[in-house]
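What follows is each chain in one-letter form.
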Amino acid sequence: MDVNIEYFGMLSEITRCSEETISLSQNRVSDLRALLLRKYPALEQVDFQLAQNGEIRSEETGISHRNLALLPPFSGG
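Residues numbered from 1 in each chain as written. Predicted model: local features only at pLDDT ≥ 70, side-chain atom pairs only at ≥ 80, totals over all residues. Heavy atoms only, no water.

Participant: Hey, could you run me through the overall build of the protein chain in this one?
Facilitator: Summing up its helical and strand segments, the protein chain has two helices and five strands in all. Beginning at the N terminus, the succession of helices and strands in the protein chain can be written as β-α-β-α-β-β-β. For 77 residues, the compact-globule formula gives about 11 Å, and the C-alpha radius of gyration of the protein chain, at 12 Å, lands near that figure. A buried classification covers 38% of the 77 residues belonging to the protein chain. Relative to all contacts within the protein chain whose residues are 6 or more apart in sequence, the contacts with residues 24 or more apart total 48%. Counting every atom, the protein chain has about 4800 Å² of accessible surface; 45% of that belongs to carbon and sulfur. (Helix = DSSP H or I, 4+ residues; strand = E, 2+ residues; numbered from the N terminus. Rg over C-alpha atoms; globule rule 2.2 N^0.38 Å. Buried < 20%, exposed > 50% of the residue type's maximum accessible area, 1.4 Å probe, protein only. Contact = heavy atoms within 4.5 Å. Areas by Shrake-Rupley, 256 points an atom, 1.4 Å probe, with all protein chains shown as cover.)

Okay, here's the thing in structure tokens:
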């Protein structure tokens with residue numbers, strides 16, 4: 001499955017892109033996270049989350065949408 005990932009905030013600085021398409025052979029959030037950490041080792045230093053269809057998803061959630069967003073840590077206020 002090909003998924004389109006949008007990167008926000010510091011994540012776009014780390015990856016040096018605001019958006020890219022990645023091919024996945026597995027369809028869980030944890031599989032995508034592992035792939036991204038191999039591709040962008042500096043992401044290990046950031047506690048990012050993945051949103052699918054506008055909702056933050058857990059590691060074991062299946063990926064069912066082709067458009068995903070990688071979100072940096074949020075601070076309250």
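Next comes the rest of the write-up.
Participant: Explanation requested: the sheet that holds strand 2 (residues 19–23) in the structure shown.
Facilitator: Strands in a sheet are paired, the pairing made by backbone hydrogen bonds, and the direction either parallel or antiparallel. Strand order across the open sheet formed by five strands is 2-1-5-3-4, with mixed pairing between neighbours. Each edge of the open sheet carries a strand with a single partner, namely strand 2 and strand 4 (55–57). Ignoring strand direction, the axes of neighbouring strands in this sheet form an average angle of 35°. As paired elements, strand 3 (residues 49–52) and strand 5 (residues 67–71) share four bridges and run antiparallel to each other. Within strand 5, the position partnered with Gln52 by the bridge is Leu68. (Pairing = 2+ DSSP bridges. Axes fitted to C-alpha atoms, helices over the stretch in contact; angles between N-to-C directions.)

What is shown is where atoms sit, not what they do.
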